[in-house]
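Here are the chains, one letter per residue:
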Amino acid sequence: MLRNIFAVIVGFIVGSALNMGLIQLNMQVLFPAPTEMDINDPEQFNAYVATLPTLAFVVVLFAHLGQSFVGGWVAARLGSSRPMLLAMIIGVLTLAGGIMAMMMIQGPGWMIVELPLYLVVAWVAGWLEQKRRSVQRT
């Protein structure tokens, strides 16, 4: 049980680090935010978001889905049992974060499409680990 809890924590941290890394790449290299912008000011941040091209949101989409998939896979891989469940816990945590972000950030409406995909990619990550384990047993 402790190993599974540890696996979820590590999976969440690894997935979040991937997400934050891609978002930082997006904001600092690909589509730099104004240097005078206060990222903690919702008005300033949403004004910056309104200037971004579609490609910037595609990067965000990959960051979020990457968090769910990679975090889910890490949790499933490190856990002692029930890889699908561990991966889905990461998917649900990512979904909760995505819902909160969408309530605060005024991105394009089509981004809502990513929300159910968090669960899909987490499920795939858990399934891959479960399949790996079953092949390993034979």
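Residues numbered from 1 in each chain as written. Predicted model: local features only at pLDDT ≥ 70, side-chain atom pairs only at ≥ 80, totals over all residues. Heavy atoms only, no water.

### A short note on the layout of surface pockets
So, point 1. Within this model, the largest pocket holds a volume of roughly 1,000 Å³.
So, point 2. Along the wall of the largest pocket there are 38 residues; nearest its centre are Ile23, Phe45, His64, Ala101 and Ile105.
So, point 3. Those elements giving two or more residues to the lining of the largest pocket turn out to be helix H1 (2-30), helix H2 (42-50), helix H3 (54-78), helix H4 (83-104) and helix H5 (114-137). (1 Å grid on protein atoms, 1.4 Å probe; cavity = no way out; pocket = protein on both sides within 12 Å on 5 of 7 lines; lining within 4 Å. Points joined across faces, edges and corners; volume = space filled by probe spheres on them. Helix = DSSP H or I, 4+ residues; strand = E, 2+ residues; numbered from the N terminus.)

### Some points on H2
So, point 1. Every buried residue of H2 is accounted for by Phe45, Asn46, Tyr48 and Val49. Buried residues in H2, looked at end-on, bunch into an arc of 155°, giving them a common side. The exposed set on the far side of H2, more than 90 degrees from its buried face, consists of Glu43 and Ala50.
So, point 2. Packing partners of the buried residues in H2 comprise H1, H3 and H4.
So, point 3. Measuring from the backbone nitrogen of glutamate 43 back to the side-chain oxygen at the start of H2 gives 3.0 Å, which picks out aspartate 41 as the cap. (Buried < 20%, exposed > 50% of the residue type's maximum accessible area, 1.4 Å probe, protein only. Arc of directions from axis to C-beta. Contact = heavy atoms within 4.5 Å. Polar contact = N/O pair within 3.5 Å; in protein donor to acceptor, adjacent residues only side chain to side chain.)

Everything listed here is a matter of coordinates, which is why it stays silent on function.
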